[in-house]
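Inside the fold
Residue strings, one per chain:
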Amino acid sequence: MSKGNYYITTPIYYPSAKLHIGHTYCTVATDAMARYKRLQGYNVCFLTGTDEHGQKIEDKAKEAGCTPQEYVDNIVLGEGGVLDLWKLMNISNDRFIRTTDDYHVAAIQKIFKKMYENGDIYKGKYTGKYCKPCESFWTESQLVDGKCPDCGREVQDAEEEAYFFRLSKYADRVQDLLENTDFLEPRSRVHEMVNNFIKPGLEDLCVSRTSFSWGVPVDFDEGHVVYVWIDALFNYMTALGFCNDAKEGLEDFWPADVHFVGKEIVRFHAIIWPAMLMSLGLPLPKKVYGHGWLLLDGGKMSKSKGNVVDPYILAQRFGVDALRFFLLRSFPFGSDGNFSNELLISTINTDLANDLGNLVSRTVAMAQKYFGERLPAQQQVNIEMDKELVEMVCTLRDKYEEQMEKYAFQNALAEVFKVISRANKYIDENAPWVLAKDESNHPRLAKVLYNLLETVRICAGLLSPFMPATAEEIAKRLGGVRMDWDSLEDFGVLPVQVATVAGDALFPRIDMEKELAALEELSKPKSDIEIEPYATEHVDFDTFCKSDFRAVKVKDCQPVKKSDKLLQFTLDDGTGTDRQILSGIAKFYKPEELIGKTLVAITNLPPRKMMGKESCGMLISAVHTEKGEEKLHLLMVDDAIPAGAKLC
Ligand code: ME8
């Protein structure tokens, strides 16, 4: 019987670049919590997704020479993208939302209109500062040394007609919510919100933009797109069918039990989100938990700083469960933690190879060696020296639960590992190898091994939210035993004649020095010159032949107004009619250098609009990175080749 419904969410990620270990951290934590709640018997809905609108994405797509939709599709669905990463990390989300999903876009338009109609959104003029990377507006007084208070980067002046949300109207209610309830945790984040944002005076929030178009259009005022945070925050409800019929579950799962969010986005979740829900008269989520950051060399990981850690490499070298475990075992969830390869390897060696791995292999190996496949039925009853271990195991589930309910993953795991250490000590105290020598001690030996196997069962069950594949493997080695929640409080669930199955070491010990050297080698660029990885997927010959490559001669080349990336080419393609192609290569060439050159173009791509101009094809260039800098050379061919010659 279900204990009830439980709704948990991660932030939805910006697919502006590949995700790194910092993003993985939050998703793994949410997954562990979701699995724990399922283990307890709740009917869980775990939502994650991607937040795909905004200027940052529009800019990135332009840079990459594709549409924003193509750009996000590649990062979300492409090889090594967001979905692949969550699959690799064994993330058990029940739903995945993309803010470009039609149902979400239509729902956001309805929500925006509702707030406009109830008077909480009004039209005004926006003047202030805008941080492009964070997609955040700031007032002068909120800046720190004139820079963005979140990321410390330069901000730009911005002025435009815009819609505003009456955030100020909800200041008192939000302050009361934060100060007088457990809505926001850890508690330290409450003081930060109240002192830094509410007490200085909460201003109305600018909630539409006209300077870019990659967003949800305001359907009653052309040219405006909805501010990306409004679009993003409501994902938690549209994914359950709020303002749409495509999804369902609102009645079962709203209000959410908890939103896990990184500390820099607590402001959006603990002030703006409840205020908007209040405006619509909707129930508030029960909790927002602001976790800390994984730091590298004391700073936040970011693509622009070049200090991101690749979860694919770590998972491939150390295993998915080891990586999941490390993330939640090593850092208190509510605070920042310093990531290092040394810490990762030493955690795996100490906790997983030495403590857990050893306990499992020694216990199973001894059971097999002394008794074969099954323990004998004849076993001594527990004696005084078993008491401490058995008591620790019997009370473990409660202690673990107490910590898990506080999202104190590190402490919950510490409780389990106290028991694992105690069990290893119990082996030494009882010296089964000595008991084995004398047949009359075999009932005692069987009891010792039973106690150990039962300890392993309960520990593995409680570790299952963190290391699901490992827990499953351990269950197999204990003869496919039960590890449901009720059974994790009961010592003695294993059948007396438990059947064991031998296997390889769960976590082989890692040679720290060798591994650090290997990781160092992997992180070095191979040479000054880096080339794109080769495609691994074959393209069939007929498909390839459909691409129409032609020699084209540059008749004219001009910069495109308001774009520092695009050049506009007028080309002779041998047909007698000029062909226009736009190419994002202004950084690499001056227009006049190219006039008269013979280039190669693919000519049968569908025409595309860029900066309002049509582009009919694409020029082919060679690209590589040199000393970290992107280089590009247009493919130029012999001028003797006539315009229109087909390349095949
Ligand atoms: O903020 N350590 O998306 P995002 C820990 N789209 N957590 C980290 C981290 C690190 N080094 N780096 C990033 C957004 N994160 C919005 C959310 S929700 C309605 C919209 C966490 O992809 C970060 O703190 O920039 C945030 O919680 C999450 O990854 C997504 O970040």
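Before going further, it helps to spend a moment on the overall build of the protein. Helix and strand counts for the protein stand at 22 helices and 26 strands. Viewed in the frame of its principal axes, the protein has a C-alpha envelope of about 100 × 65 × 45 Å. Within the span of the protein, comprising 648 residues, buried residues form 53% of the whole. Excluding contacts between residues fewer than 6 apart, the proportion of contacts in the protein whose partners are at least 24 apart in sequence is 75%. Counting every atom, the protein has about 29600 Å² of accessible surface; 50% of that belongs to carbon and sulfur. Across the protein, 76 positive and 96 negative side-chain charges occur, with their mean positions spaced 1 Å apart.

Turning to the environment of Pro 200, a few remarks are in order. In this fold, Pro 200 is placed in the loop between helix H7 (187–198) and strand E8 (205–206). Beyond its immediate chain neighbours, meaning those up to four positions away, Pro 200 contacts Val 194 and Asn 195.

Per the domain assignment, the segments of the protein are domain 1 (5–100 + 292–314), domain 2 (105–228), domain 3 (340–488) and domain 4 (541–634). In this structure, domain 1 and domain 3 have C-alpha centres spaced 34 Å apart. Residue-level contacts link eleven residues of domain 1 with 17 residues of domain 3. Across the domain 1/domain 3 interface, buried area totals approximately 1100 Å², and carbon plus sulfur atoms make up 68% of it. For the domain 1 face of the interface with domain 3, the top three residues by lost area are Met 33, Tyr 36 and Leu 39, together amounting to 48%. With a shortest N-O distance of 2.9 Å, Glu 405 and Lys 37 are connected by a salt bridge. Looking at the side of domain 1 that touches domain 3 element by element, the count peaks at eight residues for helix H1 (residues 21–40). Grouping the amino acids of the side of domain 1 that touches domain 3 by side-chain chemistry returns seven nonpolar, two polar and two charged.

This paragraph deals with the site of the ligand. Taken together, 24 residues form the shell around the ligand, and within it Ile 12, Asp 51, Gly 262, Glu 264 and Leu 294 come nearest. Within the contact set of the ligand, a nitrogen atom lies 2.7 Å away from a backbone nitrogen or oxygen of Ile 12. The side chain of Glu 264 places a nitrogen or oxygen atom 2.8 Å from an oxygen atom of the ligand. For the ligand, the protein covers 95% of the area, taking 650 Å² as the surface of the free molecule. Split into classes, the residues belonging to the shell around the ligand amount to 13 nonpolar, eight polar and three charged.

Moving on to the sheet that holds strand E13 (residues 294–296). Reading across from one edge, E14-E13-E15 is the order of the three strands in this open sheet, with mixed pairing throughout. The sheet is open, and its two borders are formed by strand E14 (299–300) and strand E15 (337–338), each paired with just one other strand. Of the strand pairs in this sheet, E13 and E15 are connected by two bridges, and their pairing is parallel. Opposite Leu 295, over in E15, you have Asn 338 as the bridge partner.

Here we take up H7. In this model H7 runs 16 Å from its N-terminal to its C-terminal C-alpha over twelve residues, within 8% of the 16 Å that 1.5 Å per residue would give. For H7, the full list of buried residues reads Arg 189, Val 190, Met 193, Val 194, Phe 197 and Ile 198. Around the axis of H7, the buried residues are gathered within 130° of arc, so they sit on the same side. For H7, the secondary structure elements touched by its buried residues are strand E5 (136–138), helix H6 (171–180), strand E7 (184–185), helix H11 (266–279) and strand E12 (288–291).

So, on to the packing of helix H2 (residues 55–64) against helix H3 (residues 68–77). Viewed as axis vectors pointing N to C, H2 and H3 meet at an angle of 95°, and their least axial separation amounts to 8 Å. Taken together, the axes of H2 and H3 are roughly perpendicular relative to one another. Taken together, the residues of H3 that come into contact with H2 (itself represented by Ile 57, Glu 58, Lys 60, Ala 61 and Ala 64) are Pro 68, Tyr 71 and Val 72. Its residues assigned to classes, the contact of H2 with H3 shows six nonpolar, no polar and two charged.

What counts, and where the lines are drawn
- Sequence order sets the numbering: in each chain, residues are counted from 1 along the sequence as written.
- Given that this is a predicted model, residues contribute local features only at a pLDDT of at least 70 and side-chain atom pairs are listed and counted only at 80 or more, while totals for whole chains, interfaces and linings are drawn from all residues.
- Remark: hydrogens and water are excluded; side-chain values derive from all non-hydrogen atoms of the structure.
- In this description a helix means any DSSP run of H or I spanning at least four residues, a strand means any run of E spanning at least two, and both kinds are numbered starting from the N terminus.
- Burial classes: relative accessible area under 20% of the type maximum marks a residue as buried, over 50% as exposed, and values in between as partly exposed (1.4 Å probe, protein chains only).
- When checking whether two residues touch, look at their non-hydrogen atoms; a contact exists if any pair is within 4.5 Å.
- Accessible surface area values rest on a Shrake-Rupley calculation with a 1.4 Å probe, where residue burial reflects the displayed protein chains alone.
- Only four residue types enter the charge count: Lys and Arg as positive, Asp and Glu as negative, with His and the chain ends excluded.
- Taken as the charge centre is NZ of Lys, CZ of Arg, CG of Asp or CD of Glu, depending on the residue.
- What fixes the domain bounds is an automatic or database domain assignment.
- When two parts are brought into contact, each loses some accessible area as probed by a 1.4 Å sphere; the total of that loss over both is the buried area.
- For salt bridges, the criterion is a side-chain nitrogen of Lys or Arg within 4 Å of an Asp or Glu carboxyl oxygen.
- As a working rule, the residues Ala, Val, Leu, Ile, Met, Phe, Trp, Tyr, Cys and Pro are called nonpolar, Asp, Glu, Lys and Arg charged, and the rest polar, with Gly in that last group.
- We call a residue near a molecule or strand as soon as one heavy atom of that residue lies within 4 Å of the molecule or strand.
- As used in this structure description, the phrase polar contact means that two N or O atoms lie within 3.5 Å; if the pair is within protein, one of them must be able to donate a hydrogen and the other to accept it, and residues adjacent in sequence are counted only when both atoms belong to side chains.
- Note on pairing: DSSP must find at least two bridges between two strands before they are called paired.
- Take the number of residues in a helix, subtract one, and multiply by 1.5 Å to get its expected span.
- As used here, the arc belongs to the directions running from the helix axis to the C-beta atoms.
- Where helices are involved, their axes are fitted lines through C-alpha atoms of the stretch in contact, as for all axes, and angles between N-to-C directions lie from 0 to 180°.
- In this scheme, roughly parallel covers angles under 35 degrees and roughly antiparallel covers those over 145, while 65 to 115 is roughly perpendicular and the rest are oblique.

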